[in-house]
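# Fold and geometry: a report
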Amino acid sequence: MPSSKRQRVSDDDPLTRALAPPPYETPAERDHRLASEQEAKRVSDAIDEELNKQRISEKKGPKAIKILLLGQSESGKSTTLKNFQLMNSPKAFRSERASWRAVIQLNVVQSIHAILDLMSRAHSSAHNPSASISHPPSKEYPPLSPEHLKLKMRLAPLLQVEAALMKKLLPNGYVQPSNLADSTHSLPIRQEISVNSSAGWKNIFNRLMGRNSCDSADLIDWSDPDDPGVVLNACAEDMKRLWTDPTIQKLMEVEKMKPEEMAGFFLDALDRVTSPRYIPTDDDVLRARLKTLGVSEHRFTMKTGPMGSPMSHDWRVFDVGGQRSLRAAWVPYFDDMNAIIFLAPISCFDQVLQEDPSVNRLADSFLLWKAIVSNPLLKKTELILFLNKCDILRAKLASGIRLADYIVSYGSRPNDFESANLKKKFAGLLKEHSPERLYYFHLTSVTDTKSTTYILENVQDVLVRDNLRRSALVA
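Here we summarise the structure given alongside this text. These numbers were taken from a predicted model, which means no experiment stands behind them. (Residues numbered from 1 in each chain as written. Predicted model: local features only at pLDDT ≥ 70, side-chain atom pairs only at ≥ 80, totals over all residues. Heavy atoms only, no water.)

## Some words on the overall build of the chain
A tally of helices and strands in the chain yields 19 helices and 8 strands. Within the chain, buried positions represent 44% of all 475 residues. When contacts within the chain are restricted to residue pairs at least 6 apart in sequence, long-range pairs at least 24 apart make up 76% of them. (Helix = DSSP H or I, 4+ residues; strand = E, 2+ residues; numbered from the N terminus. Buried < 20%, exposed > 50% of the residue type's maximum accessible area, 1.4 Å probe, protein only. Contact = heavy atoms within 4.5 Å.)

## Details of the side chain of glutamine 85
Mapped onto the elements of the fold, glutamine 85 is located in helix H4 (residues 77–88). Ignoring sequence-local partners within four residues, the contact set of glutamine 85 consists of Pro90, Phe93 and His298.

## Quick look at the nonpolar core
Generally speaking, a soluble globular protein has its nonpolar side chains buried in company with each other. Counting 45 residues, the largest nonpolar core has Ile115, Leu155, Met239 and Leu242 as the members making the most contacts within it. In terms of residue count, helix H6 (residues 97–127) provides more of this core than any other element does, 14 residues in total. (Core = buried A, V, L, I, M, F, W, Y, C linked by side-chain atoms within 4.5 Å.)

## With respect to the packing of aromatic side chains
One pass over the full model with this rule turns up 8 aromatic pairs. The rings of Phe342, Phe366, Trp369, Phe426 and Tyr439 are connected pair by pair, giving a single aromatic cluster. Here the guanidinium or amino end of lysine 82 rests over the ring plane of tryptophan 100, the centre of that ring lying 4.2 Å away. Between the NZ or CZ atom of arginine 394 and the centre of the ring of phenylalanine 417, over which it lies, the distance is 3.8 Å. (Phe/Tyr/Trp six-rings, centres within 6.5 Å; stacked < 30°, edge-to-face > 60°. Lys NZ or Arg CZ within 6 Å of the ring centre and 35° of its normal.)

## A closer look at the pattern of salt bridges
Evaluation of the coordinates by the stated rule reveals 19 salt bridges. For the salt bridge of aspartate 45 with lysine 41, the shortest nitrogen-to-oxygen distance reads 2.9 Å. Of this pair, aspartate 45 and lysine 41 both sit in helix H3 (residues 27–60), 4 residues apart, roughly one helical turn. A single network of salt bridges, built from pairs that share partners, joins Glu25, Arg33 and Glu37. (Salt bridge = Lys/Arg side-chain N within 4 Å of Asp/Glu carboxyl O.)

## A short note on helix H9 (residues 157–169)
In this model H9 runs 19 Å from its N-terminal to its C-terminal C-alpha over 13 residues, within 8% of the 18 Å that 1.5 Å per residue would give. All of the buried residues along H9 are Leu158, Val161, Glu162, Leu165, Met166 and Leu169. Buried residues in H9, looked at end-on, bunch into an arc of 130°, giving them a common side. (Expected span 1.5 Å × (residues − 1). Arc of directions from axis to C-beta.)

## Re the packing of H6 against helix H12 (residues 236–244)
Where H6 meets H12, the closest approach of the two axes is 11 Å, and the angle between their N-to-C directions is 55°. Here H6 lies oblique to H12, going by the angle between them. Once H6 is placed against H12, the crossing between them reads as left-handed. Along its contact with H6, which presents Val108, Ile112, Ile115, Leu116 and Met119, the element H12 presents Met239, Leu242 and Trp243. A class-by-class count of the residues in the contact of H6 with H12 yields 8 nonpolar, no polar and no charged. (Axes fitted to C-alpha atoms, helices over the stretch in contact; angles between N-to-C directions. Parallel < 35°, antiparallel > 145°, perpendicular 65-115°, else oblique. Left-handed = near helix turned anticlockwise from the far one by under 90°. Nonpolar A, V, L, I, M, F, W, Y, C, P; charged D, E, K, R; others polar.)

Structure follows, in structure tokens:
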């Protein structure tokens, strides 16, 4: 009786049923099944053997140098990772141009969409005064002419392009709402789409473009009627007219909307990026914006050591999400890191976090830096501070935006880049919470390829030297 019960339990077990041969299996089908299972086992064993060899090789060989990129969302982490890729794997970097071409097209239509939504809000405010009662105080928008409304209608096909590109990016063809202006807020809000870093979105766009590479004009199917570039080229003149229109510029000024300060800004290059045979440049790829979730890892090998010595080192650079909800995922990566590159976007002193409008973005960077330097898990990790987006900070201060209006402690000091010594604040936090600790500091604009390459080469040289010193290979 107990034996019968055990047999019944075994028969009801899902795993047992899944592994059982099909009922009424013919001898030929059985032979085919067993051969398939044997082949699958061979492949699995080969993969296990290769992974085991890799683990043994990593133990025997020099230890990989690991770098973790940290900072809030839109601080420049992904752009820094792309710079590492461009420096050390240029062929692989450029083979992804077809993918980034699509992302740049999405950046363009989303920038235009934000302006169109703002026009709708201004038009609604002018023709529906009761709306201002429910959302006081109303703003004095410049009046839109019939020509502006016609222009808006002619640009409507771009919204279909946006939806098509987003469907390619998001799972199951689901398109996130693109409410780029929210009437409950004083500023237009750009709702970004987010893709998982492990979702293979680049391969999806390669299929969209019909090729696996974009190194030359011959590698894109320019006759593809579904290429988003067809519609962008047809709407190019209207997009330029919209962007340069004085009334639209005034409208954006009223709303303090500055697309040129946002990541993924290409409206000043519409002639080029909407041309019929547009292929992204390296700089275009660096400026392209696509928000990713999860962890992006880039591996490469440096063939030379310090001072040009013939030495090979494996490098791994990790980019983790900077949104508040994702910061808890940072901790597992703190173990066994050689260095952290912390990016603080100092140009955002007049902005707030999208996740929490009560928090100033620069203040958030101060708090993040404090948490990093005081974390005991990182006490032996090299710290490299990038005060990023210096070019935007210079432009803001030169335009008259006062730092003292947002940082009370700044006082009456001159409102210029040289006087805005934000390094002192970060250095003070380090000294307070991790005294006697050294760190490396750079003023950066990571979209500037030439200067960033020079900085990253110095960073790589310093880390290789430190790695050798820890291994007692150099004095």
